[in-house]
Amino acid sequence: SQVLGFHKRVYDPEADLYMHAHYSERPEAKLPYWSRANGWGIWAVSEVLLHLPKNHPHYRKIMKIYRDHIDGLVKMQNPETGFYHNVLNHPDSFKETSGTAIFTMAIARGINQGWLKRRNYEDYALKGWQALETVIADNGKVTDICMGTMCSEEVQYYYKRPVVVDDSHG
């Protein structure tokens, strides 16, 4: 029910991406497609699919949510670096580690679970992993992580978020 509820409120079917949040007082407000918000969304859906029986009345609908979102996400991956940007549809925003990690996991999980066709998605997962290898130091510290954030309708707010090292979100 939670997956269906947040999908109804924050999903943009034209972009196949989630807006950062939904304002109940102003449901018409459009917020940016923040990387980690999309990460939490796809991670949650993939967790539900791991445990939801295939005969559950909402299984197919939730699988469609997962696949549509993955299709929106892979379009946002930087083809040269393998990273995703902090504001997904703004390639001039900074590369962001935590979103890249979550999307890479969600794609790999989909391939491994048979939800996605390997031949169509494996390159995205591999490119994401190769990107992540560049931000993990030998001592285990992870870089280029967007600091936790509140919500804003202003895309520049997300551009100015501090990038930190070894933050728990990474």
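Procedures and definitions
Residues numbered from 1 in each chain as written. Predicted model: local features only at pLDDT ≥ 70, side-chain atom pairs only at ≥ 80, totals over all residues. Heavy atoms only, no water. Helix = DSSP H or I, 4+ residues; strand = E, 2+ residues; numbered from the N terminus. Rg over C-alpha atoms; globule rule 2.2 N^0.38 Å. Buried < 20%, exposed > 50% of the residue type's maximum accessible area, 1.4 Å probe, protein only. Contact = heavy atoms within 4.5 Å. Areas by Shrake-Rupley, 256 points an atom, 1.4 Å probe, with all protein chains shown as cover. Lys, Arg positive; Asp, Glu negative; His and termini not counted. Charge placed at Lys NZ, Arg CZ, Asp CG, Glu CD. Axes fitted to C-alpha atoms, helices over the stretch in contact; angles between N-to-C directions. Left-handed = near helix turned anticlockwise from the far one by under 90°. Nonpolar A, V, L, I, M, F, W, Y, C, P; charged D, E, K, R; others polar. Core = buried A, V, L, I, M, F, W, Y, C linked by side-chain atoms within 4.5 Å.

Undergrad: I would appreciate a short explanation of the overall build of the protein in the present structure.
TA: A tally of regular secondary structure across the protein gives six helices and six strands. Relative to the 2.2 N^0.38 estimate, which gives 15 Å for 170 residues, the radius of gyration of the protein is 16 Å and therefore close to what a compact globule would have. With the C-alpha coordinates aligned to their principal axes, the bounding extent of the protein is approximately 45 × 40 × 25 Å. Counting all 170 residues of the protein, 46% fall into the buried class. Long-range pairs, those at least 24 residues apart, make up 59% of the contacts in the protein between residues at least 6 apart in sequence. Surface summary for the protein: the accessible area is close to 9300 Å², and the carbon and sulfur share equals 52%. On the protein, the mean spot of the 20 positive side-chain charges and the mean spot of the 20 negative ones are 8 Å from each other.

Undergrad: Whenever I open this one, the packing of helix α2 (residues 35-51) against helix α3 (residues 59-74) confuses me. Can you help?
TA: Geometrically, a packed helix pair is captured by the angle between its two axes and the distance between the axes. α3 packs onto α2 with a crossing angle of 145° between their chain directions and a minimal axis gap of 10 Å. As for the relative orientation of α2 and α3, their crossing is left-handed in sense. Along its contact with α2, which presents N38, I42, V45, S46, V48 and L49, the element α3 presents Y59, I62, M63, I65, Y66, H69, I70 and L73. Residue classes in the contact of α2 with α3 are distributed as 11 nonpolar, three polar and no charged.

Undergrad: It is not clear to me how the nonpolar core should be interpreted in this structure. Could you clarify?
TA: General note: in soluble globular proteins, nonpolar side chains tend to be found buried as a group. Among the nonpolar cores identified, the biggest contains 40 residues, and I42, L49, Y66, I70 and I107 are the most heavily contacted of them. Only α1 (2-10), β2 (17-18), α2, α3, α4 (97-113) and α5 (118-133) provide two or more residues apiece to this core. With eight residues, α3 is the single largest residue contributor to this core. Those residues in contact with I42, other than ones at most four positions away along the chain, are Y66, H69, I70, L73, I102, F103 and A106.

Undergrad: Sorry if this is basic, but what is going on with unusual backbone geometry here?
TA: The phi angle of most residues is negative, glycine excepted, and most peptide bonds adopt the trans form. Of note in this structure, D16 is not a glycine but carries a positive phi near 55°. Mapped onto the fold, D16 is located in the loop between β1 (11-12) and β2. Using a relative accessible area of 16% as the deciding quantity, one classes D16 as buried. Look at D144: it is not a glycine, yet its phi comes out positive at around 60°. With respect to the helices and strands, D144 occurs in the loop between α5 and β5 (145-146).

Undergrad: Honestly, the side chain of Q77 in this entry has me stumped. Any pointers?
TA: Tracing the sequence through the fold places Q77 in the loop between α3 and β3 (84-85). Those residues in contact with Q77, other than ones at most four positions away along the chain, are G82, F83, Y84, Y124, K127 and G128.

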